[in-house]
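Next come the chains, spelled out residue by residue.
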Amino acid sequence: MLIHLALSSNIKNSAVRVLICYPNLRIDVKEDFTELTKSLLKAIALKKWKTASNIIFKHENIVAHIPDALRRKINEEFRYLSSDCLQKGISPKEITAFNNESFVEELSIKCPMWHSAVNGACGMSLNPGEEKRKRSFNVIAVATSVLSRFRNPTLSALAYRISMILLHGGLSYLEIKRLNHLGIRMSPDSIVELQRKIGTSSDAKVHIWKKSIEDILTQQSFLTEIIQKQFISKDDKHATDAAELNETVLKSYSNYTTTTYKLCVQLIDDFRVMRGDAYNTLASVNDALQHLPNERVPRFR
């Protein structure tokens, strides 16, 4: 089928004639168009797509069919969004990292039609002010979260974040259930389960933090024990200031561990090199001991 569009104009108005040639060589000529239809056909023929799209929303015969087309398009966008998006990240780490701005930016890429619709609903112009644009992130994110969770309950990252905020704010059990029914936050059982996961993660961090501090304290005790046993408590008048760092000797020390031994010997040796000594001395051990308190002790977060 071949369609030929002929445009002509005079001083008063423009004429539009459409010739449709079918495979069976039958030809139809259409030229009885309203002014709005003529404008639309001309805009399409001249590839003025922005003008054409604006005319479509003014055309009574077309605009009546737009809601259905828009519904199908947004349905398709949300189906794609459900497959992989920030809203699916519901681990403690992912929920902590979730932010509304990134989510809205993701919407603008994966759901452009929906993103445009909610921006229009928010009264956002093409070039809004920075403050208004940032405030819109929260509104768009919450609205999208509620709607997407109705479609796919696994899209719950923002709902979990809101739940955590409200839980720590002292929200009652009945209020939690009510907001859950409204789709704004998670159920009480879900948020308790998340709290357990966060608690497990925090326990692991505490153990790592505790171990780091204990390692430094053990090294300090080990170096102090070396000084005490090899230098301060020695009765041998012919003793030198050389430190005996043989592992066989140091194994009997109460603060000895394989890891502590290796770290301390390496630290003492580093200070020996810095001092330019030929062997490890009391001074090198003292330098190592004084250095340890300056080590950055990790802080629990």
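This structure is a prediction, so every number in the text was calculated from the model and none was measured.

**So, the overall build of the protein**
And step 1. A tally of helices and strands in the protein yields 14 helices and 3 strands.
And step 2. Among the 301 residues that make up the protein, the fraction classed as buried is 29%.
And step 3. A sequence separation of at least 24 residues applies to 53% of the contacts in the protein between residues at least 6 apart.
And step 4. When the accessible area of the protein is evaluated, it comes to approximately 20100 Å², of which 56% is carbon and sulfur surface.

**Some details on unusual backbone geometry**
And step 1. For K47, which is not glycine, the phi dihedral falls at a positive 60°.
And step 2. Tracing the backbone shows K47 in the loop between α1 (35-45) and α2 (49-56).
And step 3. For K47, a relative accessible area of 62% corresponds to the exposed category.

**A look at the packing of aromatic side chains**
And step 1. In this structure the tally under the stated criterion is 5 aromatic pairs.
And step 2. Consider the rings of F78 and W114, whose centres lie 5.4 Å apart with planes at 85°: the pair is edge-to-face. Here W114 lies in helix α7 (residues 112-121) and F78 lies in helix α4 (residues 66-83), a separation of 36 residues in the sequence.
And step 3. Given a relative accessible area of 6%, F78 falls into the buried group.

**A short note on the pattern of salt bridges**
Once their charged atoms are close, side chains differing in charge can pair, the charge on each being opposite to the other.
And step 1. Scanning the model with the defined rule gives 8 salt bridges in all.
And step 2. With a shortest N-O distance of 3.2 Å, E31 and R17 are connected by a salt bridge. One end of the pair, E31, is in the loop between β3 (27-30) and α1; the other, R17, is in strand β2 (residues 14-21), and 14 residues separate them in sequence.
And step 3. For R275, the salt bridge identified is with D277, shortest N-O distance 3.6 Å.
And step 4. Look at R275 and you get partly exposed, because its relative accessible area is 45%.
And step 5. Accessibility expressed as a relative area gives 25% for D277, which makes it partly exposed.
And step 6. Three or more residues joined by partner-sharing salt bridges are found here, namely R275, D277 and D287.

**Quick word on the nonpolar core**
And step 1. Core analysis: the largest hydrophobic core is formed by 19 residues, its most contacted members being F222, L223, I226, L250 and V285.
And step 2. Going through the elements one at a time, α11 (188-232), α13 (258-275) and α14 (282-291) are the ones with two or more residues in this core.
And step 3. Discounting chain neighbours no more than four positions away, the residues touching L223 are C264, I268, V285, A288, L289 and L292.
And step 4. Core analysis: the second largest hydrophobic core is formed by 18 residues, I74, C85, F98 and L158 among them.

**Notes on the packing of α1 against α2**
And step 1. Axis separation between α1 and α2 bottoms out at 8 Å; the angle between their running directions is 155°. In terms of axis orientation, α1 runs roughly antiparallel to α2. In this structure, the crossing between α1 and α2 has a hand that is left-handed. In contact with L36, S39, L40, A43 and I44 of α1, α2 contributes W49, T51, A52, I55 and I56.
And step 2. Of the residues that constitute the contact of α1 with α2, the class distribution is 8 nonpolar, 2 polar and no charged.

**Here we look at the packing of helix α6 (residues 100-110) against α7**
And step 1. In contact at an axis separation of 5 Å, α6 and α7 are set at 120° when each is read in the N-to-C sense. With respect to α7, the element α6 is oriented oblique. Contacts from V104, L107, S108, I109 and K110 of α6 reach α7 at P112, W114 and H115.

**Details of the confidence of the model for the protein**
And step 1. Summary statistics for the protein give a mean pLDDT of 80 and a share of 80% for residues scoring 70 or more.
And step 2. Taken element by element, the predicted model of the protein shows its lowest mean pLDDT in strand β1 (residues 2-9) (58) and its highest in α2 (91).

Conventions adopted
- Residues numbered from 1 in each chain as written.
- Predicted model: local features only at pLDDT ≥ 70, side-chain atom pairs only at ≥ 80, totals over all residues.
- Heavy atoms only, no water.
- Helix = DSSP H or I, 4+ residues; strand = E, 2+ residues; numbered from the N terminus.
- Buried < 20%, exposed > 50% of the residue type's maximum accessible area, 1.4 Å probe, protein only.
- Contact = heavy atoms within 4.5 Å.
- Areas by Shrake-Rupley, 256 points an atom, 1.4 Å probe, with all protein chains shown as cover.
- Phe/Tyr/Trp six-rings, centres within 6.5 Å; stacked < 30°, edge-to-face > 60°.
- Salt bridge = Lys/Arg side-chain N within 4 Å of Asp/Glu carboxyl O.
- Core = buried A, V, L, I, M, F, W, Y, C linked by side-chain atoms within 4.5 Å.
- Axes fitted to C-alpha atoms, helices over the stretch in contact; angles between N-to-C directions.
- Parallel < 35°, antiparallel > 145°, perpendicular 65-115°, else oblique.
- Left-handed = near helix turned anticlockwise from the far one by under 90°.
- Nonpolar A, V, L, I, M, F, W, Y, C, P; charged D, E, K, R; others polar.
- pLDDT = per-residue confidence, 0-100.

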